[in-house]
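Understanding the architecture of this molecule
Letter by letter, the chains look like this.
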Amino acid sequence: MSLTVFDRLEPYRKALETERAAGRTVGLVPTMGALHAGHVSLIHRAALDCDVVAVTIFVNPLQFAPGEDLTTYPRDPEGDRAQISEAGATYLLAPPMREMFAEPPLTSVTVGRIGESLEGASRPGHFTGVATIVAKLFAVSGACRAYFGEKDYQQLAVIRRMVADLGLPVDVVGCPTVRDADGLALSSRNAYLSPDERAAAPTLYQALLAGGDAIGAGQRDPGSIRAAMAEVVAREPKFTLDYAEVTAADLTPIDTVAGEVRLLIAARIGTARLIDNLGAHA
Ligand code: AMP
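Below, the structure is looked at part by part. Per chain, residues are indexed from 1 in the order of the written sequence. In keeping with the model being predicted, local features are shown solely for residues with a pLDDT of at least 70 and side-chain atom pairs are shown and tallied solely at 80 or more, while totals for entire chains, interfaces and linings include all residues. No hydrogens and no water enter the side-chain calculation; it runs on all heavy atoms of the structure.

So, on to the nonpolar core. Throughout this description, the term nonpolar core refers to a set of buried Ala, Val, Leu, Ile, Met, Phe, Trp, Tyr and Cys residues connected via side-chain atoms within 4.5 Å. Each residue gets one of three labels from its accessible area relative to the maximum for its type: buried under 20%, exposed over 50%, partly exposed in between, using a 1.4 Å probe on protein chains only. If you look at the biggest cluster of nonpolar residues, it comprises 44 residues, and the most contacted ones within it are Tyr 12, Val 134, Phe 138, Phe 148, Ile 159 and Met 162. Secondary structure elements are taken from DSSP: a helix is a run of H or I of four residues or more, a strand is a run of E of two residues or more, and numbering for both begins at the N terminus. The leading source of residues in this core is helix H6 (residues 126-141), at nine residues. Counting 34 residues, the second largest nonpolar core, distinct from the first, contains Phe 64, Tyr 205, Ile 215 and Ala 244.

In structure tokens form, the structure reads like this:
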């Protein structure tokens, strides 16, 4: 099926309404573009589950703080379109800023506690920007299944909670992180890495594995697990650690490791700030 591209919200809304009226289910894949195999995996999953797939591309200024990489964020509209079409999507919504927000929004969605730790602590306001834009995309897309990557584990938790709290007609589906062969999680921001930085970047995943190994070896003290991850990052001088954490699977803080937990890490390398995470079981 060929790809229908919209830059206006209303025709896109109507197209999806027409699909649902004809009895077809809608899968939604929100992105900021510069697509890679991680994004494509979400489209494939949505195409397996749903009758039609809508992808959105919007580099959301609300989720970037002043001084972050909004203006340099990688963009590849032609490449994106080819990948989206190839992956089997039916619709692409790629609205310009003035279409998404004729004026800066006065309304925002804040998902309290879950959005305040980790990425929320390092990037104040980030998840309010994410939740606000995703709420708007859900509002214009209507009832659907929406696919998000575990790569952004906290974002997935924020969106799940927003949907539950607000009773939005959306089934949120979390999908596994796609990695390069050396373990580096695919990310649009990997495009910022020089060849040397790219060679060093799998350190982040190795740190998560070290945290997982410590748990596997019986370590139950969160501080020791954080230290095991930090030690791996410290061995690579190109990296500056932002945080290395272990939490419950729902991101609540823990005093001791038990059951399903999540290891989460963020670090800077060159001009890039990379994040990754991994599940572990005690
Ligand atoms: P972004 O364009 O970075 O905002 O990401 C759009 C969606 O793709 C989000 O749901 C991300 O979690 C997901 N995503 C990004 N990278 C990956 C990856 N390596 N594996 C799986 N999903 C990903």
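There's more to say after this.
The subject of this paragraph is the sheet that holds strand E2 (residues 26-31). DSSP bridges decide pairing: two strands pair if at least two such bridges lie between them. Overall, parallel pairing links the six strands, which are arranged E1-E4-E3-E2-E5-E6 in an open sheet. Strands at the two margins of the open sheet, each flanked by one partner only, are strand E1 (4-6) and strand E6 (170-175). Strand-to-strand twist in this sheet, taken as the mean axis angle between neighbours without regard to direction, amounts to 25°. Sheet topology places E1 next to strand E4 (residues 91-93); three bridges connect them, and they run parallel. Across the sheet, residue Val 5 finds its bridge partner in E4, namely Leu 92. With respect to the sheet, H6 is in contact with E2, strand E3 (52-57), E4, strand E5 (144-149) and E6, its orientation differing from that of E2 by roughly 150°. Every angle, taken between N-to-C directions, lies between 0 and 180 degrees, and every axis is a line fitted to C-alpha atoms, over only the stretch in contact when it is a helix. A contact between two residues is defined here by any heavy atoms of the two lying within 4.5 Å.

Take empty space enclosed by the protein next. Grid points spaced at 1 Å and placed over the protein atoms alone form the basis of the search, with a cavity being a set where a 1.4 Å probe fits but cannot get out and a pocket an open set showing protein on both sides within 12 Å along at least five of seven lines. Lining residues have an atom within 4 Å of a point. Grid points are joined across faces, edges and corners, and a volume is the space filled by probe spheres set on the points. In this structure the tally under the stated criterion is one cavity of 30 Å³ or more. Roughly 40 Å³ of internal volume is contained in the largest cavity. Tallying contributions element by element places strand E9 (residues 272-281) first for the lining of the largest cavity, with three residues.

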